[in-house]
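Inside the fold
Take a look at the letters that make up each chain.
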Amino acid sequence: MLVRIPRNLIPRLNRRVYLQFSSKLSTTNDADDLTHEKRKEIITTNTDHYYPPISTVRQKLSPSEGKRIKTFRDLFDNVVQFQGENNKSVDSYLLEGRVSNIRKAGKAMYFIDLIQDDYKVQIMAMNKLMGLTSDEFNQIHGFLKVGDYVGVCGQASRTNLGELTLKLNRPIELLTPCLDRLPNKLTDKGFINNNRVLNYLVNPESKRPIIVKSKVIQAIRTFLLNRDFLEVQTPILSGQGTGANATPFITNYKSVPIHLRVAPELWLKKFVIGGFDKVFEIGSNFRNEGIDMTHNPEFTSCEFYQAFTSLDELMKMTEDLYRFVFSELGVENKLPAGEFPKYEFLPTLEKRTGKPLADLSLETLISYHEDLGIDVPKDPNPVKLLNNLCEIYLESLCLEHPKNTPVFIYNQPEVMSPLAKSTVDSKGNRISLRFELFINQKEMANAYEEENDPAKQLEKFTLQQQMKTEYNDQEMLIPDNNYVDVMKWGLPPTGGWGCGVDRLAMLIAEVERIEEVLPFGNLQSVLRN
């Protein structure tokens with residue numbers, strides 16, 4: 001289940017940022033500016049006093065062990081009548097959290113909302129319960145501001161309105177002060193993208209996509225671990241082998257050029273060759289490409305490899321995995337019931353266009369585009385032309401099914417899948433034993449039976465290099481001759497699978513842009529934060 005996120009968590013604002021962007025912010029208690037400045041001066045000239053070790057504060061407040069706010073609420077949310085005097089708990093409880101709201105209810109009484117772990121509890125501070133005069137009480141508690149982190153000790157009770165409240169019997173202790181003023185709300189998208197920490201504090205609902213992504217990763221991991229997969233880590237920095245059609249980032253180790261990985265695929269298949277029959281990795285990949293609604297140069301993927309696994313078995317595992325993830329997130333109703341629809345690439349393309357495709361040569365594919373009256377992509381090559389036809393005629397099949405229906409497109413032409421096992425169809429076309437999964441016209445997963453013949457793999461690598469040279473396509477797969485050599489030890493028939501975790505999180509969180517599930521936004525925002 002998703003974590004509950006209260007909507008009234010109020011953060012602090014860096015002073016420099018506040019002055020720079022004050023026209024975009026709505027603040028509270030404008031008359032307190034001078035008070036904030038005086039308070040800030042007092043704190044910064046005596047930091048040891050205002051940033052105490054938490055253990056010191058706990059010893060001062062209570063000899064008993066502290067509780068987290070969620071635990072406190074679990075204990076007392078359903079308790080109406082307490083056993084102690086004046087309908088209070090017998091024991092005192094130590095709580096800590098961030099002040100999100102302060103309400104004065106008289107000369108020496110405050111009601112304060114405290115936040116921890118995204119759970120809120122009300123505390124009541126009153127001079128009589130602490131044995132203080134009004135002046136003593138206000139001298140201590142008048143220093144507190146929204147955004148401060150504090151420790152409190154008191155007894156559980158309920159107000160006249162029935163709200164669970166910790167009635168304090170000791171003064172509030174400051175743990176970490178909030179030095180500057182706080183905005184009520186942030187709405188400017190550009191400002192938000194460049195100030196993510198502040199946005200999480202001011203707009204707590206913006207935390208939800210990040211929480212969803214974390215839960216998606218946990219669910220995928222659980223699914224695979226339950227099937228006896230081994231989680232592994234592969235190198236981020238390596239030589240030229242990439243494992244995907246993508247442009248890598250290139251840096252240097254001493255004087256040697258090295259690449260940030262664009263995919264862990266070849267490393268994971270080396271694990272399988274080494275005798276690890278079920279492996280997976282969830283981690284970051286890096287591709288030196290553009291940024292748009294669904295792409296960022298740094299992104300998260302999950303890839304798994306299982307020996308002795310066919311394409312049909314991979315499809316079944318995909319269905320099971322997606323239903324498990326959606327169930328774990330509590331949104332199983334978002335996936336339509338029944339098997340995921342399946343469409344074979346070339347026969348479906350011909351059916352959708354109403355035109356037969358004689359062969360997969362460059363000339364034929366260009367003529368095919370012209371006959372259909374669709375634009376030929378710039379700098380065409382067979383892969384680019386086939387991808388274009390897929391986008392127009394096959395991915396649009398998603399629109400013929402209910403929203404969020406996962407759709408398999410399978411048996412892509414061999415030239416589109418240089419790492420996949422291949423076969424020949426009834427027309428003599430070489431096709432790969434591969435599928436792509438689309439939801440709402442967005443690619444969500446990619447899988448295939450792995451090429452395990454080292455000679456054929458070398459041929460496919462060579463073809464990719466020829467096409468890269470002939471068509472100047474920098475995204476063509478970079479060969480890994482070391483991988484071919486390792487294959488000679490024997491790669492068992494293996495099924496490989498990859499999923500863009502960010503896109504799956506976007507789908508479940510119902511957000512349109514990838515930066516919403518990236519903790520600090522896309523690369524452009526990261527460079528500004």
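Quantities reported herein were computed from a predicted structural model and do not represent experimental measurements.

Attention now goes to the overall build of the protein chain. On a plain count of helices and strands, the protein chain comes out with 19 helices and 21 strands. With the principal axes as the frame, the protein chain shows a C-alpha extent of 95 × 50 × 50 Å. By residue count, 52% of the 529 residues in the protein chain fall in the buried class. A sequence separation of at least 24 residues applies to 69% of the contacts in the protein chain between residues at least 6 apart. Accessible surface computed for the protein chain: about 25,300 Å², of which carbon and sulfur atoms make up 50%. One finds the centroid of the 64 positive side-chain charges in the protein chain at a distance of 8 Å from the centroid of its 69 negative side-chain charges.

Turning our attention to the side chain of His-141. If you trace the backbone, His-141 turns up in helix 7 (residues 134–141). A residue is classified by how much of its surface remains accessible, and His-141, at 1% relative accessible area, is buried. Those residues in contact with His-141 that lie beyond four places of it in its chain are Tyr-110, Met-130, Pro-171 and Ile-172.

Attention shifts here to the environment of Thr-45. Among the secondary structure elements, Thr-45 is positioned in the loop between helix 2 (33–44) and helix 3 (47–50). Counting along the chain gives 462 residues from Thr-45 to Leu-507, while the straight-line C-alpha distance between them is 49 Å. Within polar-contact distance, the side chain of Thr-45 engages the backbone oxygen of Glu-41 at 2.9 Å. One polar contact links the side chain of Thr-45 to the main-chain carbonyl oxygen of Ile-42, over a distance of 3.0 Å.

Right, let's talk about the sheet that holds strand 13 (residues 278–286) for a bit. Taken together, eight strands build an open sheet; the order of strands is 9-13-14-21-20-19-16-15 and the sheet is mixed. For this open sheet the edge positions go to strand 9 (230–231) and strand 15 (342–344), each flanked by a neighbour on one side alone. Note: strand 14 (residues 298–307) against strand 21 (residues 494–500), seven bridges, orientation antiparallel. Bridge pairing in strand 21 places Ser-301 opposite Gly-500. Strand contacts of helix 13 (residues 345–353): strand 15 and strand 16 (406–410), with the helix running at about 85 degrees to strand 15, the strand carrying the most contacts.

Once that is clear, we can look at the pattern of salt bridges. Across all of its chains, the model carries 29 salt bridges by this definition. Salt-bridge contacts for Glu-350 lead to Lys-427; the nearest nitrogen and oxygen are separated by 2.9 Å. Taken as a pair, Glu-350 in helix 13 and Lys-427 in the loop between strand 17 (422–424) and strand 18 (430–432) lie far apart in primary sequence, 77 residues in all. Residue classification places Glu-350 among the buried positions, given a relative accessible area of 18%. Classification of Lys-427 by relative accessible area gives exposed; the value is 51%. Several salt bridges converge on common partners, so that one network encompasses Glu-414, Lys-421, Arg-430, Glu-451 and Lys-460.

On to the sheet that holds strand 10 (residues 237–238), then. Pairing between the strands of a sheet comes from backbone hydrogen bonds, and it takes one of two forms, parallel or antiparallel. Strand order in the open sheet formed by three strands is 10-12-11, with antiparallel pairing between adjacent strands. Edge positions in the open sheet fall to strand 10 and strand 11 (250–253), since each of these has one partner strand only.

This next bit is on the state of the cysteines. All chains considered together, the criterion is met by zero disulfides. Cys-398 carries a free sulfur, and the closest cysteine sulfur to it, the one in Cys-390, is 9.6 Å from it. Taking relative accessible area as the criterion, Cys-398 reaches 6% and is therefore assigned buried.

Okay, the packing of helix 14 (residues 362–372) against helix 15 (residues 382–394) next. Contact geometry for helix 14 and helix 15: axes closest at 9 Å, N-to-C directions at 30 degrees. Accordingly, the angle class assigned to the pair helix 14 and helix 15 is roughly parallel. In the crossing of helix 14 with helix 15, the sense of the turn from one axis to the other is left-handed. Taken together, the residues of helix 15 that come into contact with helix 14 (itself represented by Leu-362, Leu-365, Ile-366, Tyr-368, His-369 and Leu-372) are Pro-382, Leu-385, Leu-386, Asn-388, Leu-389 and Tyr-393. The residue inventory of the contact of helix 14 with helix 15, partitioned by class, reads 10 nonpolar, two polar and no charged.

Mean pLDDT over the protein chain works out to 89, with 91% of the residues at or above the 70 mark. The low-confidence segment residues 1–32, where pLDDT is below 50, has 92 contacts with residues more than four positions distant or belonging to other chains.

This part takes up a nonpolar patch on the surface. There is a patch of nonpolar side chains on the surface, built from Val-197, Phe-520, Leu-523, Val-526 and Leu-527 and spanning about 450 Å² of accessible area. With three residues, the single largest contributor to the nonpolar patch is helix 19 (residues 523–528). Counting through the fold element by element, Val-197 comes out in helix 9 (residues 196–202).

It is worth spelling out the packing of aromatic side chains at this point. Evaluation of the coordinates by the stated rule reveals 13 aromatic pairs. Taking the centre distance of 5.4 Å and the plane angle of 70 degrees together, the rings of Phe-229 and Phe-304 count as edge-to-face. Placement of the pair is Phe-229 in the loop between helix 10 (208–226) and strand 9 and Phe-304 in strand 14, with a sequence separation of 75 residues. The same class applies to Phe-229 as to Phe-304, namely buried. Here the aromatic cluster, defined as three or more aromatic residues joined through ring pairs, consists of Phe-72, Phe-76, Phe-82 and Tyr-93. The ring of Phe-143 has Arg-39 sitting right over it, with the charged end atom 4.9 Å from the ring centre. Here the guanidinium or amino end of Lys-270 rests over the ring plane of Trp-267, the centre of that ring lying 4.3 Å away.

Parameters and conventions
For every chain, the first residue of the written sequence is number 1, and numbering continues from 1 along that sequence. For a predicted model such as this one, the threshold for reporting local features is a pLDDT of at least 70, and the threshold for listing and counting side-chain atom pairs is 80 or more; totals across whole chains, interfaces and linings nevertheless cover every residue. No hydrogens and no water enter the side-chain calculation; it runs on all heavy atoms of the structure. Counting from the N terminus, the helices are the DSSP runs of H or I reaching at least four residues and the strands are the DSSP runs of E reaching at least two. Exposure classes here rest on a 1.4 Å probe applied to the protein chains alone. A residue is buried below 20% of its type maximum, exposed above 50%, and partly exposed in between. The contact rule is simple, with two residues in contact once any of their heavy atoms fall within 4.5 Å. All accessibility values rest on the Shrake-Rupley procedure with a 1.4 Å probe; residue burial counts only the protein chains present in the view. The sign given to each residue is positive for Lys and Arg and negative for Asp and Glu; His and the chain ends receive no count. By convention, the charge on Lys lies at NZ, on Arg at CZ, on Asp at CG and on Glu at CD. Pairs of N or O atoms are called polar contacts if they sit within 3.5 Å, as long as, within protein, a hydrogen donor faces a hydrogen acceptor (for residues adjacent in sequence, only side-chain-to-side-chain pairs). By definition, two strands form a pair when at least two bridges between them are found by DSSP. Helix axes use the C-alpha atoms of the stretch in contact, all axes being lines fitted to C-alpha atoms, and the angles between their N-to-C directions lie in the range 0 to 180 degrees. One side-chain nitrogen of Lys or Arg within 4 Å of one carboxyl oxygen of Asp or Glu is enough to make a salt bridge. A pair of sulfur atoms, both from cysteines and within 2.5 Å, is called a disulfide here. With respect to orientation, any angle under 35 degrees is reported as roughly parallel, any angle over 145 as roughly antiparallel, any angle of 65 to 115 as roughly perpendicular, and every other angle as oblique. In this scheme, a crossing is called left-handed if the near helix is turned counterclockwise away from the far one by less than a right angle; it is called right-handed if the turn is clockwise. Put simply, Ala, Val, Leu, Ile, Met, Phe, Trp, Tyr, Cys and Pro go in the nonpolar bin, Asp, Glu, Lys and Arg in the charged bin, and everything else, Gly too, in the polar bin. Residue-level confidence of the predictor is what pLDDT reports, using numbers from 0 through 100. For patch detection, residues must exceed 30% relative accessible area and be free of salt bridges, and they are connected within 9 Å for like charges or within 5 Å for nonpolar side chains (Val, Leu, Ile, Met, Phe, Trp, Tyr). Between 30 and 60 degrees the pair is tilted, below 30 it is stacked and above 60 it is edge-to-face, where a pair is any two Phe, Tyr or Trp rings, Trp via its six-membered ring, whose centres lie within 6.5 Å. In this scheme, Lys NZ or Arg CZ marks a charge over a ring once it lies within 6 Å of the ring centre and within 35 degrees of the ring normal.

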